[in-house]
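# Coordinate analysis (summary)
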Amino acid sequence: MKTSKFDPVSIEILDKQLKKIIIIVLVVFGVLALRFWFLQIVNGSIYRSKSEKNSIRLLDIPPFRGMILDRNGEKLVDNRPSYDLYIIPEQVQDLEQIVKSLNKLMDIDTDLIRQKVKEASPRYPFRPVCLKRDISRDSLAALETHRFNLPGIMIKVMPCRHYIYGDLACHILGYLGEISESQLRRRRYLENKPGDLIGKSGVEWKWQKYLNGKRGGEQVEVDAEGRRIRVIARKSPIPGENIYLTIDRDLQSVAEKSLEGKKGAIVALNPRNGEILALSSSPPFDPNLFVGGIDKDTWKSISLSPDHPLQNRALCGQYPPGSVFKIVVALAGLEEGVIDPEEEIFCSGIYSLGRQRYRCWKRYGHGAVNLHRSLAESCDVYFYNIGDRLGVDKISQYARLFGLGQSSGVELEQEKGGLMPTSAWKLKRFGVPWQRGETISTSIGQSFVLVTPIQMASLISSVFNGGIVYRPQITRHIETREGERIHQFVPKPLRRLKIKGEHFELVKKALIGVVNDPHGTGARTRFKDVLVAGKTGTAQVVSLDKEEELTEDGEVPLRFRDHAWFVAVAPEEDPQIALAIVVEHGGHGGSASAPLAKELIKAYLGVEE
């Protein structure tokens, strides 16, 4: 049997290699142990806190805002998905790097990012702060591609308001804006949080409580990168209620097209109950501009525009009523017994009061006119006489019965009341007595008299509905998503006028003559098979006696031209629509506004010319 022998040199070399391996292993384990000690002991509390805070996240689920529909159930406003960019301040280590990265990937206001992160509440560092709403799909793709290089940045898919027809009915619908700190403290906004969009005007503002809905929430587990792992708990949001308006979408569209390129307003009412069928103010604005957060330049161009597109002229525009006001003066004269409907007053084209001469719009006069002809042909001299007999206080008394000089009570905000002067008002306002000559001007709707288009629509409605002044209404009912009606609005008569029926009949026949008599001033609203009644009005903006106030071509500059009025009802025997139209600086009511009324009546009643 042979015994194996080992080479001593080989054994020595093997021992040296083993020692080296052992030393390397010990060094590696030492380094790892040191790193673990550093992470777990030295920085353990920091990473443990971050891990705990980042592992579970509470997320808001905003509710879908209620829809807004017209009287026939046609949608005017609904919701669409919006991709909104948020930042979580606590997760941002290098803000400037984030700002530079976002600036390369998308069009965004870098100063706004810095400001919003700076203003973020230190009490809630993990609360997401909205940087930009409704980003484009290209921006979304770029952000998702570079997501790992953008710590603290997140995308939320939110319901976004969508005004289906752009600027259609914009002054009725209103627009949204971000809730302010002061609004957050009000009971009206208990369901809202910072960053929410709320109604700022119109129906969006009026019915904010019902449209808003109730928010839900999710308790979500996320990984270190903020990616969702699982949903721990969820509370579903409750969508807002739907608002059904009284307006007719098609009629509203016709009204707005009629005013394209003009400044003015149109109001269409149902004279039998006060429902608003159309309410248009021109120029309009697009509420969709406000949904994603309007930029400074766009806001500046809208808010500082000399055309004032945000102003609802139908409710806030205050104009002299011109000859439309003769309706009030005629009824006041009949009721007070200062005129006989058959009495004739001679109109030579001029009415003299002392040294002052007041002209009729018809240069050489109308000749001998009674009540019917004076209204049908809009004779100024006739009403100068009647106004002088009545006096300003009596005229004002009857005007206020019809709702002039005061708010109509419509549920939209910022309505103006106009002005109906009295002798006491002037003395208090200017410290001087009322003058007789001012009554002459007042009798044809000039002087200090100011009215709004909605007041004029209410005036003509009450003449033809039996003397009832209704509160105009824009909301028909409010309905849940399940179809349950929680509010049903009913007609709201404010007062019944104590004016004799025969006096109403005399004025109504004269207003039919405005449109249908051979020399009626509203002949351009005449139909073959539908009897329309109306009244034209030309409201003087400024007295033009100087030649230098004319253009080189002898034309009156636009800013000095008269406002054109027309009020109407149709059909006269069974009124279904009442209209008030004013075109700013449009000239004569019979030529500028009456044709617009014809288009609206034709569209609503479905009649041919």
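Reference entry: report on the structure contained in this document.

### Considerations on the overall build of the protein chain
A count of helices and strands for the protein chain gives 23 helices and 23 strands. In terms of overall dimensions, the protein chain is more spread out than a globule: its C-alpha atoms have a radius of gyration of 36 Å, far above the 25 Å expected for 609 residues. Scored against the burial criterion, the 609 residues of the protein chain give a buried share of 49%. Taking contacts inside the protein chain between residues at least 6 apart in sequence as the whole, the part at least 24 apart equals 71%. Here the protein chain has roughly 31200 Å² of accessible surface; of this, 51% comes from carbon and sulfur atoms. Of the side chains in the protein chain, 85 bear a positive and 75 a negative charge, and the two mean positions are spaced by 7 Å.

### Observations regarding empty space enclosed by the protein
Counted by the stated rule, this structure contains 1 cavity of 30 Å³ or more. The computed volume of the largest cavity comes to approximately 40 Å³. In terms of lining, the largest cavity is formed by L269, N270, P271, G274, S458, S461, N465, I468 and Y470.

### A look at the pairing of strand β12 (residues 276–282)
Within β12, 7 of the 7 residues are buried, leaving the element largely enclosed by the surrounding structure. The pairing of strand β11 (residues 264–269) with β12 spans 6 bridges and is antiparallel. Looking at the pairing, L269 lines up with I276 of β12. In sequence, β11 turns back onto β12 through a hairpin of 6 residues, with G274 there showing a positive phi of about 85 degrees.

### A few points about the nonpolar core
Membership of the largest hydrophobic core comes to 91 residues, with the highest contact counts inside it found for L245, F325, I327, Y382, F402, M456 and L511. Residues within four places of L511 in sequence aside, it is in contact with I327, I460, V463, F464, A533, G534 and K535. Listed in part, the 26 residues of the second largest apolar core include A255, A564, I581 and A594.

### Comments concerning the side chain of S201
Relative to the assigned elements, S201 resides in the loop between β7 (197–199) and α8 (202–206). At 3.4 Å, the side chain of S201 forms a polar contact with the backbone nitrogen of Y175. Residues in contact with S201, not counting those within four places in the same chain, are L173, G174, Y175 and E413.

### Considerations on helix α4 (residues 110–119)
Buried within α4 are the following residues: T110, I113, K116 and V117. Taken down its axis, α4 places every buried residue within 125 degrees of arc, on the same side. Residues of α4 that are exposed and angled more than 90 degrees away from the buried face: D111, K118 and E119. In this structure, the buried residues of α4 make contact with β3 (75–87), α3 (95–105), β4 (129–132) and β6 (176–178). Where α4 begins, the capping side chain belongs to D109, and its oxygen is found 3.1 Å from the backbone nitrogen of D111.

### Considering the sheet that holds strand β22 (residues 563–570)
Read from one edge of the open sheet, 5 strands run β12-β11-β23-β22-β21, paired in antiparallel fashion. The open sheet has two edge strands with one neighbour each: β12 and β21 (533–539). Mean inter-strand twist for the sheet, computed between neighbouring axes without regard to direction, equals 5 degrees. Packed onto the sheet, helix α10 (residues 249–258) meets β11, β12 and β23 (577–583) and runs at close to 25 degrees relative to β12. Across the sheet, helix α21 (residues 501–516) lies against β21 and β22, angled at about 75 degrees from β21, the strand it touches most.

What counts, and where the lines are drawn
Residues numbered from 1 in each chain as written. Predicted model: local features only at pLDDT ≥ 70, side-chain atom pairs only at ≥ 80, totals over all residues. Heavy atoms only, no water. Helix = DSSP H or I, 4+ residues; strand = E, 2+ residues; numbered from the N terminus. Rg over C-alpha atoms; globule rule 2.2 N^0.38 Å. Buried < 20%, exposed > 50% of the residue type's maximum accessible area, 1.4 Å probe, protein only. Contact = heavy atoms within 4.5 Å. Areas by Shrake-Rupley, 256 points an atom, 1.4 Å probe, with all protein chains shown as cover. Lys, Arg positive; Asp, Glu negative; His and termini not counted. Charge placed at Lys NZ, Arg CZ, Asp CG, Glu CD. 1 Å grid on protein atoms, 1.4 Å probe; cavity = no way out; pocket = protein on both sides within 12 Å on 5 of 7 lines; lining within 4 Å. Points joined across faces, edges and corners; volume = space filled by probe spheres on them. Pairing = 2+ DSSP bridges. Core = buried A, V, L, I, M, F, W, Y, C linked by side-chain atoms within 4.5 Å. Polar contact = N/O pair within 3.5 Å; in protein donor to acceptor, adjacent residues only side chain to side chain. Arc of directions from axis to C-beta. Axes fitted to C-alpha atoms, helices over the stretch in contact; angles between N-to-C directions.

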